[in-house]
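Tertiary structure, described
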Amino acid sequence: MARPLGTYPPTSSRIEHTKPAKAGVRVGHSPTGSGVFANRRYRQDDLIGEIVGQLIHDASYGSDYCFELDAGRLIEPVAPFRFINHSCDPNCEFDYSDRPLSDRQGRDTRIFVFAARVINVNDQLTIDYNWAAKSAIPCECGASNCRGWIVAQEELWKLNEMAEGNQMFRSAV
Ligand SMILES: [Zn+2]
């Protein structure tokens, strides 16, 4: 499960002390379009890479690829991690470092992708998108614990409630 900003101290020790291997991943074809695949083996907690992209300060901005840092701040990522797919049983997770800029206003926020468990060569890398119920779409990740929707675990009840509401509506007609 992805870790929201603030779960870790401003500089997580594993961010400070690990360096991602070059070309550890590649973009390739996945059953749902494009995906990110491992070129090497990763152990749990290995740093795979940093999500790099355009920082956007606009709460109304949206795209299929952007990551929300916090209220009103998003990153529109470039490859490879632009193409990392969702799974309800992901093998990767995010971690953040967030610290004030020393000489300017604002904050230096960086997002990293870590291995959540052992990842073997050619495995597809996945994360949990943790989308809000209002953004949910059907999930085809194929995991045994698939929630059926690309949605945060804690928002799933909202979708179930909506589905029950629709059924009651249908049976009343
Ligand atoms: Zn799923």
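See the structure above.
Each chain has its residues counted from 1, running along the sequence as written. The model is predicted, so local features are restricted to residues of pLDDT at least 70 and side-chain atom pairs to those at 80 or more, both for listing and for counting; the totals for chains, interfaces and linings are taken over all residues.

Now for the nonpolar core. Core analysis: the biggest nonpolar cluster contains 28 residues, and Ile48, Cys92, Val113, Phe114, Ala115 and Leu125 have the highest contact counts within it. Contributions of two or more residues to this core are made by β2 (33-38), β3 (47-51), β6 (73-77), β8 (92-100), β9 (107-115) and β10 (124-127). Secondary structure elements follow DSSP: runs of H or I of four or more residues count as helices, runs of E of two or more count as strands, with numbering from the N terminus. Among the elements that line this core, the one with the most residues is β9, at five residues. Each of domain 1 (1-129) and domain 2 (131-173) gives at least three residues to this core. Each nonpolar core reported here comprises buried Ala, Val, Leu, Ile, Met, Phe, Trp, Tyr and Cys residues connected via C-beta atoms within 7 Å. Exposed residues have 12 or fewer other C-beta atoms within 10 Å of their own C-beta, buried residues have 20 or more, and residues in between are partly exposed; the C-beta atoms are placed from the backbone. Segment limits for the domains were obtained from an automatic or database-derived domain assignment.

A separate point is the sheet that holds β3. Note on pairing: two strands pair once DSSP finds at least 2 bridges between them. Spatially, β3-β9-β8 is the arrangement adopted by the three strands of the open sheet, whose pairing is antiparallel. Only two strands of the sheet have a single partner each, and these edge strands are β3 and β8. Averaged over all neighbouring strand pairs, the angle between strand axes comes to 30°, with direction disregarded. Inspection of the sheet shows β8 paired to β9 by nine bridges, in the antiparallel sense. Opposite phenylalanine 94, over in β9, you have valine 113 as the bridge partner. All axes here are fitted lines through C-alpha atoms, helices being fitted over the stretch that makes contact, and every angle between N-to-C directions spans 0 to 180 degrees.

Attention shifts here to the environment of histidine 57. Summarising the element assignment, histidine 57 is placed in the loop between β4 (53-56) and β5 (67-70). Spatially, the C-alpha atom of histidine 57 lies 9.0 Å from that of alanine 71, the residues being 14 residues apart in sequence. Excluding its chain neighbours within four sequence positions, the residues that come into contact with histidine 57 are Gly72 and Arg73. Contacts here follow a simple rule: the backbone-placed C-beta atoms of the two residues must lie within 7 Å.

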